[in-house]
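Listed here are the chains, written in short residue letters.
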Amino acid sequence: MQDTYRHRGMRRRLVEGLRKRGIKDEKVLEAIGTLPRHFFLDKAFEDHAYLDKAFPIGNDQTISQPYTVAYMTELLEVEKRHKTLEVGTGSGYQACVLAQLGARVYSIERQKDLYERAKMLLPSMGYPQIRLFYRDGYKGLPEYAPFDRIIVTAGAPYIPEALREQLAVGGVMVIPVGEEEQTMVRVRRIAENLFEEEPLGPFRFVPFVEGLNE
Ligand code: SAH
C-alpha cells in the first residue's frame, strides 16, 4: 500500500475536523496527521480510513473512531519514554499513535488472528519497537509492570484489579467503564493505596472479554 498526496490531503482534513471537535493537544493531532490510517484497513476500504468513524477489522472487532483515539490519547498525557500498556491491540492503530508520541508501547490482544496481523503489519510500517502479546488483558503484563500509562480500548464492565496494581504511582490509566454503554474514566494513582477516578463522557466500545480466543 502507498501513502499518496491524496491520502495526506484526507488526513489533513480529518485532523482539522478533530480540532473543531475539541482536540487541542498539538502532539496528538500531529501523530494522527502523520500516521497512514488506511494501512490498517483492507485496501477496498481505504477511503473510509479518513472519515471520523469506527470501522470493522474482522473477528467482530473495530478500529476505534479517530476522535475516540485522539480523545483518549489526549487524556493519557503521554510523554516520551513513558512505559505504556495498551489493552486491545485490534488493528494496531492506537499502538502506533502512542509510539509516534515516543511512548514505549506494550500492547495485548486476546484474538489470535488480530494479534498475528498486527505482528506482521507494525514492523513493516516502521514500528518494530512496539511489543505485542497474545494475552488476556484482564491480567495485564505483570512481568513488565509498573506502567506509567495504561489505556484500555474495549468496554470494561469494571476496572480490573491487576491493571490498577500494574499502574505506577503517579501514573494515569484511561479506561471506558460500563456494560452496554461506557463512561470514559481517567484513573490516577496518587499513592500506593490511593486512586483518583475522574468520570468523563459517554462512549460505545466493543466489549472487554475475559480469557483468550484462538
Ligand atoms: N485499539 C484498537 C481498537 C480495538 S477494539 C485499534 O486501534 O484498532 C478492542 C480490541 O480489544 C479488540 O481487538 C478485542 O479483541 C480486544 N479485547 C477485548 N477483550 C480483550 C482482553 N481481555 N484482552 C486483550 N484484548 C481484548
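Structural data are supplied above this passage.
Below is a summary of the structure that appears in this document. Residue numbers restart at each chain and count upward from 1, following the sequence in its written direction. Where totals are concerned, whole chains, interfaces and linings use all residues; where local detail is concerned, this predicted model gives features only for residues with pLDDT of at least 70, and gives and counts side-chain atom pairs only at 80 or more. Only hydrogens and water are set aside when side-chain values are computed; all heavy atoms of the structure are taken into account.

1. Comments concerning the packing of aromatic side chains
Now for step 1: Ring geometry is summarised as follows: Phe, Tyr and Trp rings, the Trp one being its six-membered ring, pair when their centres sit within 6.5 Å, and such pairs are stacked at plane angles under 30 degrees, edge-to-face over 60 and tilted between the two. Inspection of every chain in the model, using the stated rule, returns twelve aromatic pairs.
Now for step 2: Taking the centre distance of 5.9 Å and the plane angle of 20° together, the rings of Y67 and Y71 count as stacked. Here the residue Y67 and the residue Y71 both occupy positions in helix α3 (residues 66-76), the gap between them amounting to four residues, near one helical turn. Each of the two residues, Y67 as well as Y71, counts as buried.
Now for step 3: With a centroid separation of 6.3 Å and 50° between ring planes, the pair formed by F203 and F205 is classed as tilted. Each member of the pair F203 and F205 is classed as buried.
Now for step 4: By way of ring pairs, the aromatic residues Y67, Y71, F203 and F205 are connected into one cluster.
Now for step 5: Between R37 and the ring centre of Y93, over which it is positioned, the NZ or CZ distance is 5.6 Å.
Now for step 6: Criterion for a charge above a ring: Arg CZ or Lys NZ at most 6 Å from the ring centre, at most 35 degrees from the ring normal. The ring of F195 has R164 sitting right over it, with the charged end atom 5.3 Å from the ring centre. Here a strand is any run of E in DSSP of at least two residues, a helix any run of H or I of at least four, and the numbering for each starts at the N terminus. Whether a residue is buried, partly exposed or exposed follows from its accessible area with a 1.4 Å probe, protein chains only, as a fraction of its type maximum: under 20%, in between, or over 50%, in that order.

2. Re the side chain of T68
Now for step 1: With respect to the secondary-structure elements, T68 resides in helix α3.
Now for step 2: Among all residues touching T68, those that are not within four sequence positions of it are F203 and F205. Note on definitions: a residue-residue contact is assigned when non-hydrogen atoms from the two residues lie within 4.5 Å.

3. Regarding α3
Now for step 1: The buried count for α3 comes to ten of eleven residues, which makes it a mostly enclosed element.
Now for step 2: For α3, every residue scored as buried is listed here: P66, Y67, T68, V69, A70, Y71, M72, T73, L75 and L76.
Now for step 3: Looking one or two residues past α3, E77 carries a phi angle of roughly 50°, positive in sign.

4. Considerations on the site of the ligand
Now for step 1: Consider each residue's heavy atoms; a residue with any of them within 4 Å of a molecule or strand counts as near. Around the ligand, the surrounding shell holds 26 residues, and the nearest of these are E86, S91, E109, G137 and V209.
Now for step 2: A 3.5 Å cut-off defines polar contacts: any pair of N or O atoms within that distance qualifies, except that in protein one atom must be a possible hydrogen donor and the other a possible acceptor, and neighbouring residues in sequence count only when both atoms are side-chain atoms. Within the backbone of G88, a nitrogen or oxygen atom sits 2.9 Å from a nitrogen atom of the ligand.
Now for step 3: With respect to the ligand, the backbone of R110 contributes an N or O atom lying 3.3 Å from a nitrogen atom.
Now for step 4: Surface accessibility in these figures is a Shrake-Rupley result with a 1.4 Å probe; residues are shielded only by whichever protein chains are displayed. Summarising the interface, the protein chains cover 99% of the accessible area of the ligand, which totals 580 Å² for the free molecule.
Now for step 5: Cavities and pockets were defined on a 1 Å grid built from protein atoms only: a cavity is a group of points that admits a 1.4 Å probe but offers it no way out, a pocket is an open group of points flanked by protein on both sides within 12 Å along at least five of seven lines, and a lining residue is one with an atom within 4 Å of any such point. Those molecules having more than half of their atoms within 2 Å of a cavity or pocket grid point set are described as sitting in that cavity or pocket. Counting atoms within 2 Å of the grid points, the majority share of the ligand lands in the largest pocket.
Now for step 6: Those elements that place two or more of their residues in the shell around the ligand are β2 (61-63), α4 (93-100) and β4 (104-109).
Now for step 7: The element best represented in the shell around the ligand is β2, accounting for three residues.
Now for step 8: We call Asp, Glu, Lys and Arg charged. Ala, Val, Leu, Ile, Met, Phe, Trp, Tyr, Cys and Pro are nonpolar, and the rest, Gly among them, are polar. Of the residues in the shell around the ligand, the class split is ten nonpolar, eleven polar and five charged.

None of the figures reported here should be taken as evidence of function without further support.
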